[in-house]
Amino acid sequence: MTSLVDAACDPITLFAGLSFQAEARASECLIAGDPFRRPTRAKDLPFIPLDRPLGPDRLASNSALVLHRLLFNAYETDLLFLPAARDAAEPDWDSFDAFYGPQSIACAQAARPRLEHLAFAGLEAEIDLAGKWSPALTLAYFQDFLAREQAASAEPEENDPLLASLLSAEDPQAVARHYLVQMAPDFLSEASAMARLSPGAYGPLQSALFNVLIDEYGAAVHAAKHSSLFETVMASVGLDPRPHAYWQFYQPGSLALVNYFHCLAANKGHFFRYLGALFYTEASLVNVTGRQSRALRRIFGKAIDTRYFDEHHHIDRHHSRMVLTRLIEPAIAAYGSRAIAGILRGFEELRLLQAAADRDLAAQINWAGQLRRNDPRVAGLIAAWRAGSGPGETFREVSDERSTTHIHPDDRLLLLETGSMDFFPLAGVNLALKAGDHLFIPQGRLHGSIVTAPECLYHQPILSPDVARTLA
Ligand SMILES: [Fe+2]
Ligand SMILES: [Fe+2]
Ligand SMILES: [Fe+2]
């Protein structure tokens, strides 16, 4: 058992205690214009198992959410953001100084190795790389993957379960905005992990990687930088493109994908794994971005600027071949089995993580996209709960009390006894609840709420898995 003294000295706890990660205030549902403010729900740390790494099956959990928020912040203390320049007032240098101050940097560096272990050490056990992987077999395996991804780009959008869930939602534009928000932690600072591999001296591989980086950075034309193209996508559908405006609504899977690249690029010993992961993402993006562009145009019509996706559909054909022929092939030729083992591992781990993140996002969209107040099926369960007083929790919160977005480990109902609250199941979606209103919150689903009356008394009856399945 961890003593209070141990907990106080624990690097993760120390890092989580920094003020920029403190609980969200009432005004911070959307965090506009402050890239340094990142509430993490650190108060849940005592309930998070820190003795075993997360497996992909635990990605849709509060543990994964908190740990990936912390890890993401640890990496980003190493990236440069500047405070918003304001017309009338001084930029917020206090937030800037706190985020990049010596205490923040020291705590981030101390916490990072353990956070990385907890976040990613569970992946290796899930992949099977048994057998003799010769150079020829490995390259044939990747060429086959590339050919299949390129062929799949012409398939209908509905063949992609995630895009199908967007297209079939009751309000496709609302869920599509949440879908775009999930890309923001990566795309608004795109290729920052790759830039970590620019320093050093490792021959032609370094220049080949830098060639990809130049493209990602728009060859120094800021409007062509891929992050700029993504800002344009967001603005065209009414989203705030400033970094981390939607911090509260990043799902754990979305953060995990960015963190994985930072982990591989920040730890130079993982260079070959980085190449495998890079090939997976460049090769699959050829396919994915073409379908994303078509699906988003179906949803938003001509209003959406899809150049980000169209550009990737084009340039990632080149990037995927470049990574294969100018990075992977020469790395294997020069470094043999060590390169093969690392490249295959990075490729398979990212594939696994991407699939888990897609499942997490599709589950969120399928729940929140169909969510409505006072479903008659829920009313019957509440009547049964009141009659039998089964398991549940009761809370009394006062006006403007804020819960940082979070995830429950169980299926539960939400029932307001008195007062009112706003409930947030997706970025940009607000359900106004009043006394007597109820809804269903499945385990694993990200949500937040804020009390809007002087006081609110509410119950959260917990459902058995069998009962919860009847609501799915
Ligand atoms: Fe890109
Ligand atoms: Fe690319
Ligand atoms: Fe909750």
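Figured I'd write up the structure that's included with this text.

Thresholds applied
Residues numbered from 1 in each chain as written. Chains lettered and ligands numbered in written order. Predicted model: local features only at pLDDT ≥ 70, side-chain atom pairs only at ≥ 80, totals over all residues. Heavy atoms only, no water. Phe/Tyr/Trp six-rings, centres within 6.5 Å; stacked < 30°, edge-to-face > 60°. Buried < 20%, exposed > 50% of the residue type's maximum accessible area, 1.4 Å probe, protein only. Lys NZ or Arg CZ within 6 Å of the ring centre and 35° of its normal. Helix = DSSP H or I, 4+ residues; strand = E, 2+ residues; numbered from the N terminus. Expected span 1.5 Å × (residues − 1). Bend = angle between axes of the 7 residues up to and from the residue. Contact = heavy atoms within 4.5 Å.

Examining the packing of aromatic side chains
Line of reasoning, step 1. Summed over the entire model, instances satisfying the criterion amount to 33 aromatic pairs.
Line of reasoning, step 2. Pairing Tyr 141 with Phe 142 gives two aromatic rings, centres 5.8 Å apart and planes at 45°, and the pair type is tilted.
Line of reasoning, step 3. Using a relative accessible area of 0% as the deciding quantity, one classes Phe 142 as buried.
Line of reasoning, step 4. When the centroid spacing of 5.2 Å and the interplanar angle of 80° are considered together, the rings of Tyr 308 and Phe 309 count as edge-to-face. Both residues of the pair, Tyr 308 and Phe 309, count as buried.
Line of reasoning, step 5. Taken together, the ring pairs in this structure connect Phe 15, Phe 20, Phe 36, Trp 93, Phe 96, Phe 99 and Tyr 100 into an aromatic cluster.
Line of reasoning, step 6. Seen from the ring of Phe 81, Arg 38 lies directly overhead, with NZ or CZ sitting 5.7 Å from the centre.
Line of reasoning, step 7. The ring of Tyr 217 carries Lys 225 above its face, with NZ or CZ at 4.5 Å from the centroid.

With respect to helix H5 (residues 102-120)
Line of reasoning, step 1. Taking 1.5 Å per residue, 19 residues should reach 27 Å; H5 reaches 27 Å between its end C-alpha atoms and fits that length.
Line of reasoning, step 2. The largest bend in H5 comes to about 40°, at Arg 112, with the proline Pro 113 one to four residues further on.
Line of reasoning, step 3. All buried positions along H5 are accounted for by Ser 104, Cys 107, Ala 108, Ala 111, Arg 112, Leu 115, Glu 116, Leu 118, Ala 119 and Phe 120.
Line of reasoning, step 4. Buried-residue contacts for H5 involve helix H2 (11-16), helix H3 (62-76), helix H4 (93-100), helix H12 (252-266) and helix H14 (307-368).

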